[in-house]
Each structure stands twice: as C-alpha cells, then as structure tokens.
2 protein chains.
Amino acid sequence: MVPPAFILVAPQMGENIGAAARVMANFGLTDLRLVAPRDGWPNPAAETLSAGALPDVVTATVFGTVEQAIADCALVLATTARPRGMEKPVLRTAEAVERLQSTPSRSGILFGAERAGLPNEAVALADAILSFPVSPRFASLNLAQAVALVAFAIAEADASGPPPTFEGVGAPAPREELVGMMEHFEAELHRAGFFYPDAKRVPMTQNLRNAFTRAGWTSQEVSTFRGAIKALALGRGKARVRRDADDAD
Amino acid sequence: MVPPAFILVAPQMGENIGAAARVMANFGLTDLRLVAPRDGWPNPAAETLSAGALPDVVTATVFGTVEQAIADCALVLATTARPRGMEKPVLRTAEAVERLQSTPSRSGILFGAERAGLPNEAVALADAILSFPVSPRFASLNLAQAVALVAFAIAEADASGPPPTFEGVGAPAPREELVGMMEHFEAELHRAGFFYPDAKRVPMTQNLRNAFTRAGWTSQEVSTFRGAIKALALGRGKARVRRDADDAD
C-alpha cells in the first residue's frame, strides 16, 4: 500500500500535532498534512511533543483547504465518532484498512479538530467514514489518539509474521529431558515422604506430570529446575552447616 | 471477557496518566491501577488531561508493587517494544486480545514508565509480551498512546464477537497464588544455598519466574506444587529419621 497521508483539519494545539507526528513515526508513516492550523506553522510545541519526529522523520505540509490537501488522493476516509446522517458508508477499522490496502495510489485520512471534529463539508469529500467503537457516553477521542489508532491499524495490517527484533520462546526440551526431570523430582519427593500414603502416588504424579508437560519448558529451563531440585534435596545439609556456623559465632 | 485492568508501572507524568484514563473511558474500560506513581496520587494534571474520566468514570487504584497490582489477575501481559532476551512468548495485538477473551477471569496489562519502560522484574511476572509493530528507528511509544492501542484493540474485538474459549485446561491461578508459590520456592532455594554466589540470584530468579509464569498452572496445580516444595524442604528430616530407623534395624 502507498502510505496514506494523515490530514489534520484545522488542528488547534501544537501539542496534539506533535503527538500525532510522533505516533506516525512510530508506525513508519511520514506524510502529515495540516489544513489551516490555528497557531500557524512551524509550531515549537508541536516539535517538542513530537519527540524528534518533526521536522525530519515526518514531513508536515500546510494547506489552505481540505480540497487542496486531498488533491492527490484516490481514496479519502473521514474519522469521526459522531453519527452524521450522511449517505456514506461507515467502516470499522479493519474494513477501512482493507480499503486502503486495495487502493493502488495515495489515500488520505481526515481528522477533525479537538473540539469541533470534522466539519460536514470535509466529511462530504470523503468516500467513507471510519468509526471507532467508542463508548457512547465518553466518545470524544483525543486527536493524537485517533491518529495513533489508525497508524497502528495500518502497521498491524502491513506487518506479517513475528516482530523481527524479538526472539520467541525456545523450543520445548526433548521429551527425554522432561521425563528425566520429572523422574528426578518424583524420586526426591518420594524420599521426602510426599507420596504418603502410597495411594496418593499415582494421582499426585499424574497431576505434576500434567502441569510440567503443559509448561513447555526449554532445555535450559529444565536444567535450571533440576538444579533447584538438587539444591532443595541436598541443600538442607548445607543450610544446617551454615546455621551451626552462625550459632558458633 | 472480564474487562482487563490497565496497570501503569511507576508512571511519571500526571498528563500521561490522565490521557491514559481518558482513552480507557473512550473504550469503556474502567480499572486503572498505578504502581508507585512518581508524583503521588491524586494528581491534578492527570485529572485535567483525563477530560472528565478521572476520578469517576475510570477508577484509579494505587499499589506499592507490581505483585500487589496483579494479585487478582489470571493472565498478565507486558507491553514493551524492546527485545528482552527472555523466554516469553511475544504476541501481536490480535493474539493478545484472543488470550484476553479466552481468560474467564480478570487479566492485567502492564505498561512501563515513560523513559525506562517496564523493568525486567515486571516483565518476568507476565505470561507474555505484547508487542506493537513499531518502526525500529522510532520505537518509543508515548505511554498514553500504548494504552490507547490496547484499549482500542479490546473494544474492536468486543464489537466483533469473541472467538470460542478453550476448553479442557482450567483457568490459570490468580496471580497472587502464583507469586506466592514462586516466593515460597525461592525462599526455600535460598535456604538451600541455590542462589550462591549472590550475583546469581537475579538471573536465576528471573529464569524460574519466566518458566513458572509461562506454565499457566491452575490453582490446583499451584497448590500441589507448593505441597511438593514443602515436602522437599521439610521432608529431609523425615527421610533421615526413617533412615536412622532403618539403620537401627
């Protein structure tokens, strides 16, 4: 997908513009457009809140009208939480992202100002309305938060497979190692009198084996746990020696 | 799904706490937990930025430790953009929301502080890491934005119907029980000299906590394992008595 333009219509607070730019940069989006920003441009508060996204990572371009700002867009979506009574499809985020993905050229997403939201004239220029599942009793999303949700949804749809910077959990240990660990544990528990009376042995062993098997431990974790069993089984003596030494002090 | 608790660990700026509360209210979430907020609580800046969410729509509860804040949680997710080198599953938002939906009791989602993110000790207490597809070159999400993404993803999933829940394995134990078990185990291992030299304590404890947390044990399994620890810790004496008796025969 061609990365969409994020178009803020008559934004008021520089802080919100900056926070919007920051979260766009978080999700690899760079085309920010400002229609008639109240306090002019550039805006020091916007740069501060952008945490380094402005002016270099995200490019902000100022336009006089919505029409100019969307001139190169083949698809335009309008974000709003309010019913409009307009003959216009209302999309959930997932559907909206599908529309963006299937548009071969530039798309634009309109965001309204802090108080007023998008004016009807701007909504009228959009192909569809993008609506968030907000609580009807607390529906007013912060501007930068609305930008965050759309940027995130686009990046989620673009990302396929696990995040490259993370290592997943290692493979579970070969079953032989797991069984060895469980047998070691059971042997020590037997020596400690855990399976008394003897009728408890089978159900208790089964419970423990179910729990350990489901845990999916790696070879390293199995090995650490065997060390822990050994310490508990043998360490008691050490502790006593140490306590005796303490007593002698 | 039981609405998850959103847990901010050592948050610094009241503004971010307020913005987080606001977007929680936007998506119908009300259980905000603060672990050791830097500037104390209540916080006037938080109330201002919450746009009316605090103190009445969203309830903020202050805790001293992460362990206390997650005590009643059966599933704990840690949000972080940073690789950790921990043996812990890394989930995309959609998978994370499925896990939340299939957990029949309370879940908690951990969010780190503005600069430092989540400390490793907090991540070690989580079942899985929730990772956003951020740009590697601009990875630092604003705290309230991270909260917004999760709140939104939960509301989106709720709006589109839950996936079927898993059957067969019981629900994971409340986190309080799991933490109690791990602390019990660690205390006995300490007495047995397992954490020697002392520099081993932190990495060993983290490895064990990761392994136990990932295991997803039920209350019954946690209880059985505590019995086993107790037997190993106390049983040595019994075994010796028995062996002494054998010797006397």
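Computed from a predicted structure; not experimentally measured.

A. Geometry of the packing of aromatic side chains. All names here are of chain A. Counted according to the given criterion, the structure contains 26 aromatic pairs over all chains. The interplanar angle of 65° and the centroid separation of 5.4 Å between the aromatic rings of F185 and F225 together place this pair among those described as edge-to-face. Of this pair, F185 sits in helix α8 (residues 175–191) while F225 sits in helix α10 (residues 219–248), and the two are 40 residues apart along the sequence. Pair check on accessibility: F185 and F225 agree, each one buried.

B. View of helix α7 (residues 143–158) of chain A. All names here are of chain A. Between its first and last C-alpha atoms α7 spans 23 Å; for 16 residues at 1.5 Å apiece the expected length is 22 Å, and the two agree. Burial of α7 is extensive: 14 of the 16 residues sit out of reach of the surface. Here α7 starts with a cap whose side-chain oxygen sits 2.9 Å from the backbone nitrogen of A144, and that cap is N142.

C. Representation of the interface of chain B and chain A within the structure. Listed per partner, the contact involves 75 residues of chain B and 75 residues of chain A. Summed over both sides, the interface between chain B and chain A buries roughly 6,000 Å², with carbon and sulfur atoms accounting for 61% of that surface. Taken together, the links from chain B to chain A amount to zero salt bridges. Taken together, the connections running from chain B to chain A amount to 12 residue pairs in polar contact (both at pLDDT 80 or more). Secondary-structure elements contributing two or more residues to the side of chain B that touches chain A are α1 (14–26), α3 (53–57), α5 (93–101), α7 (143–159), α8 (175–191), α9 (201–215) and α10 (219–248) of chain B.

D. Spatial organisation of the layout of surface pockets. Of the pockets and cavities examined, the largest pocket occupies roughly 1,000 Å³. Lining the largest pocket are 38 residues, and of these A19 and L49 of chain A together with N16, L49 and N142 of chain B sit closest to its centre. When residues of the lining of the largest pocket are traced back to their parent elements, those giving at least two are α1 (14–26), α2 (44–49) and α7 of chain A together with α1, α2 (44–49) and α7 of chain B. Tallying contributions element by element places α1 of chain A first for the lining of the largest pocket, with six residues. Its residues assigned to classes, the lining of the largest pocket comprises 17 nonpolar, 12 polar and nine charged.

E. Summary view of the packing of α1 of chain B against α7 of chain B. Residue and element names in this part refer to chain B. Following both chains from N to C, one finds α1 and α7 inclined at 15°, their axes separated by 8 Å at the closest point. It follows that α1 is roughly parallel to α7 by the angle criterion. Between α1 and α7 lies a crossing whose hand is right-handed. Between α1, through N16, A19, A20, V23 and M24, and α7, the contact on the second element is made entirely by L143, A144, V147, A148 and A151.

F. Summary view of the domain arrangement of chain A. As far as domains go, chain A holds domain 1 (5–160) and domain 2 (175–248). Look at where the C-alpha atoms of domain 1 of chain A and domain 2 of chain A centre, and you get two points 58 Å apart.

G. Broad picture of the packing of α8 of chain B against α9 of chain B. Residue and element names in this part refer to chain B. α9 packs onto α8 with a crossing angle of 140° between their chain directions and a minimal axis gap of 11 Å. Overall, the two elements α8 and α9 adopt an arrangement that is oblique. The two elements α8 and α9 cross, and the hand of that crossing is right-handed. Residue-level contacts link R175, L178, M181, M182, E183, F185, E186, L189 and H190 of α8 to R201, T205, L208, R209, F212 and T213 of α9. Of the residues that constitute the contact of α8 with α9, the class distribution is seven nonpolar, three polar and five charged.

H. Structural detail: the pairing of strand β2 (residues 31–35) of chain B. All names here are of chain B. Among the five residues of β2, five are classified as buried, and the element is accordingly described as predominantly covered. What you see with β2 is no split at all: D31, R33 and V35 on one side and L32 and L34 on the other are buried throughout. For the crossover from strand β1 (residues 5–9) across α1 to β2, the handedness is right-handed. Examined bridge by bridge, β2 and strand β3 (residues 59–63) share five bridges and lie parallel to one another. When the sheet's bridge partners are listed, L32 is paired in β3 with A60.

What counts and how
- Residues numbered from 1 in each chain as written.
- Chains lettered and ligands numbered in written order.
- Predicted model: local features only at pLDDT ≥ 70, side-chain atom pairs only at ≥ 80, totals over all residues.
- Heavy atoms only, no water.
- Phe/Tyr/Trp six-rings, centres within 6.5 Å; stacked < 30°, edge-to-face > 60°.
- Helix = DSSP H or I, 4+ residues; strand = E, 2+ residues; numbered from the N terminus.
- Buried < 20%, exposed > 50% of the residue type's maximum accessible area, 1.4 Å probe, protein only.
- Expected span 1.5 Å × (residues − 1).
- Polar contact = N/O pair within 3.5 Å; in protein donor to acceptor, adjacent residues only side chain to side chain.
- Contact = heavy atoms within 4.5 Å.
- Buried area = accessible area lost by both parts, 1.4 Å probe.
- Salt bridge = Lys/Arg side-chain N within 4 Å of Asp/Glu carboxyl O.
- 1 Å grid on protein atoms, 1.4 Å probe; cavity = no way out; pocket = protein on both sides within 12 Å on 5 of 7 lines; lining within 4 Å.
- Points joined across faces, edges and corners; volume = space filled by probe spheres on them.
- Nonpolar A, V, L, I, M, F, W, Y, C, P; charged D, E, K, R; others polar.
- Axes fitted to C-alpha atoms, helices over the stretch in contact; angles between N-to-C directions.
- Parallel < 35°, antiparallel > 145°, perpendicular 65-115°, else oblique.
- Left-handed = near helix turned anticlockwise from the far one by under 90°.
- Domains from an automatic or database assignment.
- Right-handed = clockwise from strand over helix to strand, strands pointing away.
- Pairing = 2+ DSSP bridges.

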